[in-house]
Amino acid sequence: MRLKDKVIAITGSGSGLGRESALLFAAEGATLVVSDVVPGRAQAVAKEIVENGGTAIGIDADVRSEADMDNLVATTVDHYGRIDVMWGNAGVPEPGFGMQPLHKSSLEDWNNIFAVNTTGIYLAWRAAARWMIDNKRPGTLLGTSSAASFTAYPGFPMYTASKAAVNGLVRAASLEFGKFGIRANAICPTHGMSVNFALPPEAEVLGKSYEEMAPWNPDNRAMPLRVDTPPVIRDNAYLALFLVSDESRYTSGQSIASADGGQFARTSIVFPTDTGESDDITSGAIPDELRNEIER
Ligand SMILES: NC(=O)c1ccc[n+]([C@@H]2O[C@H](COP(=O)([O-])OP(=O)(O)OC[C@H]3O[C@@H](n4cnc5c(N)ncnc54)[C@H](O)[C@@H]3O)[C@@H](O)[C@H]2O)c1
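Residues numbered from 1 in each chain as written. Predicted model: local features only at pLDDT ≥ 70, side-chain atom pairs only at ≥ 80, totals over all residues.

Colleague: Describe helix 4 (residues 107-134), with residues and values.
Modeller: Where helix 4 bends most, the angle comes to about 45 degrees, and this point is T119. Backbone geometry just after helix 4 places K136 at a positive phi near 50 degrees. (Bend = angle between axes of the 7 residues up to and from the residue. Helix = DSSP H or I, 4+ residues; strand = E, 2+ residues; numbered from the N terminus.)

And the structure:
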């Protein structure tokens with residue numbers, strides 16, 4: 001049990017990486033506070049954990065709301081007496097999922113992507129750090145960045161900027177909070193990520209990676225590591241497991257890629273290479289059914 005007795009809150013954990021990690025952490029002995037902006041998603045994950053013999057509650061919470069993030073910490077402490085880990089994981093993609101050129105974007109688009117991807121982590125971390133410092137119970141802060149923060153995904157300029165800002169916050173927060181014994185890190189996923197990210201909020205939570213949804217042929221992908229099976233969401237959850245456990249007690253201020261080296265080439269999803277006027281977009285590894293959903 002690598003997380004015995006740890007109380008962990010995760011934002012955006014009703015689907016994808018957050019959900020998969022919540023299930024993994026619970027199996028490793030942690031108590032989970034699952035939260036999500038889509039009503040019912042968090043409760044469904046908490047139910048799954050409890051049915052498997054774990055301990056969890058689910059809360060509806062929007063990371064863009066200061067009140068919701070303060071309430072997430074307050075509810076965690078009310079229920080379980082403390083908070084050991086706050087993981088700001090919720091994120092949203094570029095509007096149009098790679099098909100909207102930057103010069104056609106709106107300020108509203110920009111503000112919303114930063115509100116969720118960057119400010120959302122600030123608000124979640126700040127609420128948790130306040131409690132940890134006031135109560136002299138140092139813990140761990142984790143954020144979900146992206147391999148996009150190290151490069152730039154074509155068609156994802158605002159997303160790239162919002163995630164690069166997360167890496168800056170990680171470095172700054174580790175300096176600010178280190179003297180209180182609080183660590184701050186980020187996981188920067190590349191492959192093996194949730195297809196729900198590309199789907200509307202009302203879509204069923206699939207719990208699968210993009211690569212699992214398409215016929216698997218590593219030779220057709222920009223993935224240097226040629227492994228026989230597609231990367232799955234749990235491949236990323238294992239890095240998160242290390243970063244929230246005491247095994248990483250001497251790791252802070254780091255934004256670490258969970259990747260096979262492909263982030264230095266391009267992603268396994270073939271994003272459009274032309275973000276200008278052209279409608280000529282290659283669907284690449286995205287299965288047609290998913291592409292149709294995205295374009296809807
Ligand atoms: N899927 C990818 O391609 C990919 C790649 C790299 C990094 N990421 C990052 O991973 C993180 C998790 O995404 P995922 O891939 O598991 O996708 P996902 O869509 O399956 O899960 C994200 C969850 O966040 C929730 N959410 C969205 N906005 C929210 C808000 N304002 N407040 C609270 N919850 C909110 C969604 O409802 C969803 O349940 C995100 O930060 C994302 O940017 C995703």
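Colleague: Give me helix 7 (residues 233-244): which residues, what numbers.
Modeller: For helix 7, with 12 residues, the first-to-last C-alpha span of 17 Å sits near the 16 Å given by 1.5 Å per residue. Among the 12 residues that make up helix 7, nine are buried, leaving the element largely enclosed by the rest of the structure. I233, D235, N236, A237, L239, A240, L241, L243 and V244 are the residues of helix 7 that are buried. Residues of helix 7 that are buried in the fold lie against strand 1 (7-10), helix 1 (16-27), strand 4 (85-88), strand 5 (140-144), strand 6 (183-189) and strand 7 (255-258). (Expected span 1.5 Å × (residues − 1). Buried ≥ 20, exposed ≤ 12 C-beta atoms within 10 Å, placed from the backbone. Contact = placed C-beta atoms within 7 Å.)

Colleague: Explain the sheet that holds strand 2 (residues 31-36) to me, and be specific about the residues and the numbers.
Modeller: The sheet built from seven strands is open, its strands ordered 3-2-1-4-5-6-7 with parallel pairing. Looking at the sheet topology across the chains shown, the edges are occupied by strand 3 (55-60) and strand 7. Here the strands of the sheet are splayed against their neighbours by 20 degrees on average, with no regard to which way each runs. In the sheet, strand 1 pairs with strand 2 via four bridges, with the strands oriented parallel. (Pairing = 2+ DSSP bridges. Axes fitted to C-alpha atoms, helices over the stretch in contact; angles between N-to-C directions.)

Colleague: Tell me about the pairing of strand 1, and name the residues and values.
Modeller: Judged by which residues are buried, strand 1 turns out to be covered on both faces: V7 and A9 on one side and I8 and I10 on the other are all buried. As for the winding sense of the linkage, the β-α-β connection from strand 1 through helix 1 to strand 2 is right-handed. Taken together, the three bridges between strand 1 and strand 4 define a ladder with parallel strand orientation. Its bridge partner lying in strand 4, I10 is registered against W87. (Right-handed = clockwise from strand over helix to strand, strands pointing away.)

Colleague: Requested: an account of the site of the ligand, with residues and values cited.
Modeller: Around the ligand sit 27 residues in total, of which G12, S15, G16, G91 and F197 are the nearest. When residues of the shell around the ligand are assigned to their parent elements, the largest contribution, three residues, is made by helix 1. Each residue belonging to the shell around the ligand can be placed in one class, and the counts come to 11 nonpolar, 12 polar and four charged. (Near = placed C-beta within 6 Å. Nonpolar A, V, L, I, M, F, W, Y, C, P; charged D, E, K, R; others polar.)

Colleague: Residues and numbers for the nonpolar core, please.
Modeller: Judged by nonpolar contacts, the single largest core of 73 residues is most densely connected at I8, L32, A124, A128 and V244. Of all the elements, helix 4 adds the most residues to this core, at 10 residues. When neighbours within four sequence positions are excluded, A128 is seen to be in contact with V73, I83, M86, G139 and L141. (Core = buried A, V, L, I, M, F, W, Y, C linked by C-beta atoms within 7 Å.)

Colleague: Summarise the pairing of strand 3; cite the residues concerned and give the values.
Modeller: Here strand 2 pairs with strand 3 via six bridges, running parallel. When the bridges of strand 3 are listed, V33 appears paired with I57. Read from strand 2 through helix 2 (residues 41-51) to strand 3, the crossover connection turns out right-handed.

Colleague: Tell me what's going on with the packing of helix 4 against helix 5 (residues 157-178), and back it up with residues and numbers.
Modeller: Look at helix 4 against helix 5: their axes get within 9 Å of each other, and the N-to-C directions meet at 20 degrees. Between helix 4 and helix 5, the interaxial angle falls into the category roughly parallel. Handedness of the crossing formed by helix 4 with helix 5: right-handed. In this structure, helix 4 contributes D109, W110, I113, F114, N117, T118, I121, Y122, W125 and A129 to the contact, and helix 5 contributes M158, Y159, S162, K163, A165, V166, L169, A173 and F177. Taken together, the residues of the contact of helix 4 with helix 5 break down into 14 nonpolar, three polar and two charged. (Parallel < 35°, antiparallel > 145°, perpendicular 65-115°, else oblique. Left-handed = near helix turned anticlockwise from the far one by under 90°.)

Colleague: Describe the environment of R130, listing the residues and the values that go with them.
Modeller: Its place among the elements puts R130 in helix 4. Once the C-alpha coordinates of R130 and D70 are considered, the two residues, 60 residues apart in sequence, prove to be 9.7 Å apart.

Take it as geometry only, folks, not as evidence of what the structure does.
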